[in-house]
Structure formats: C-alpha cells, structure tokens
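Letter by letter, the chains look like this.
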Amino acid sequence: MGVIALIVALAFTTTIAVREWRRADRTQSQFADELTQRHNAGVDADALAVALYTFDYRDLGAAQKRIQMLATGGFAEREASQSAAVQTQLRNAKAVGTAAVEETNVSEIDGDHATAFVVLQTTASSNGGKKVANVVYLHLDLRRIGALWKVDDVQNLAAQSS
C-alpha cells in the first residue's frame, strides 16, 4: 500500500507541476504579447505626433499623406476636411515645421484600443524669419486595425513657448 501511495503522490505532483509550468508559460507569453503591442502602439503614436508638426510649405501634400496613413475614424475625417484651409495658411506663411519625440507612454491595451501620451519638442519658422520652439503634450486615442495602430483622436493638452 505504501508504494501505491507513493506512486499516486508522485503522479499527482507531476501533474500539478506540468499544469503550473504551462500556466506560467501562457502568462509569460501573454505578457510578452502585451509588451509588443504597447511598443507597436507607441511607435505608431510617435509617428503621427511627429507627422502633425513636421511640414514644409513646398510639399504639404506629403505631410497630409503621412497624417492620413496613420489616422482613422473621426480624426482622419477632421484632418481631411481642414487640410485645404491649413495648407493655404502654411503656404502663405512659407512655414516649415519639425518635431522630435521626447517621451511616450502607452496605457494598458484594452482589446483593440489604447491611449498614448506623447511629449514633443517642436520648431516652426515662417517667412517672417521668426523661429518658434514649443514643447507639445498630446493625448492620443489609438485603435488597432489589423497589425497597425492608428490614431482615432488627438487632444493637445498644453503648450509652452520657449
């Protein structure tokens, strides 16, 4: 009877160990997938944030294409509807703008939705010769479409002139 009890205990322990090992492996895999998705969401959020503040009056169509490739939903529609007026103003001012990401933070991913907080350093100049530098704080709502994260909404939270 003692040998049978030992065999049963060993089988039970082995079964529990294998089950826990598989559970831990699934948890680690899910964590790695979430990190990858957060990274991808951050890269795509950064790309749109930079696209919003990077333009050259000599080729505003390219800037608008970059924005439209990274946008979706109501945000894409608003950008498209405002594009002609904004482009006219930028051409008249002979404006050029650049941006660089200083920091990005992506929230937990909830299905195909996430939010990102992006801090940018922007610089713009116009025909007046004046160069203006700003720190821009953006809150972006993201939606995953296929393998890509696209920006569904953008809120400019604050800006400080340097």
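Preceding this paragraph is the structure being described.
Computed from a predicted structure; not experimentally measured.

A. Highlighting the overall build of the chain. For the chain, the helix and strand inventory stands at three helices and five strands. Helices (α) and strands (β) of the chain occur, in sequence order from the N terminus, as α-β-α-α-β-β-β-β. Over its C-alpha atoms, taken along the principal directions, the chain stretches across nearly 95 × 30 × 20 Å. For the chain, buried positions account for 27% of its 162 residues. Excluding contacts between residues fewer than 6 apart, the proportion of contacts in the chain whose partners are at least 24 apart in sequence is 54%. Per element, the accessible surface of the chain, about 10,200 Å² overall, is 57% carbon and sulfur. Where the 16 positive side-chain charges of the chain centre and where its 18 negative ones centre are 5 Å apart.

Cut-offs used in this document
- Residues numbered from 1 in each chain as written.
- Predicted model: local features only at pLDDT ≥ 70, side-chain atom pairs only at ≥ 80, totals over all residues.
- Heavy atoms only, no water.
- Helix = DSSP H or I, 4+ residues; strand = E, 2+ residues; numbered from the N terminus.
- Buried < 20%, exposed > 50% of the residue type's maximum accessible area, 1.4 Å probe, protein only.
- Contact = heavy atoms within 4.5 Å.
- Areas by Shrake-Rupley, 256 points an atom, 1.4 Å probe, with all protein chains shown as cover.
- Lys, Arg positive; Asp, Glu negative; His and termini not counted.
- Charge placed at Lys NZ, Arg CZ, Asp CG, Glu CD.

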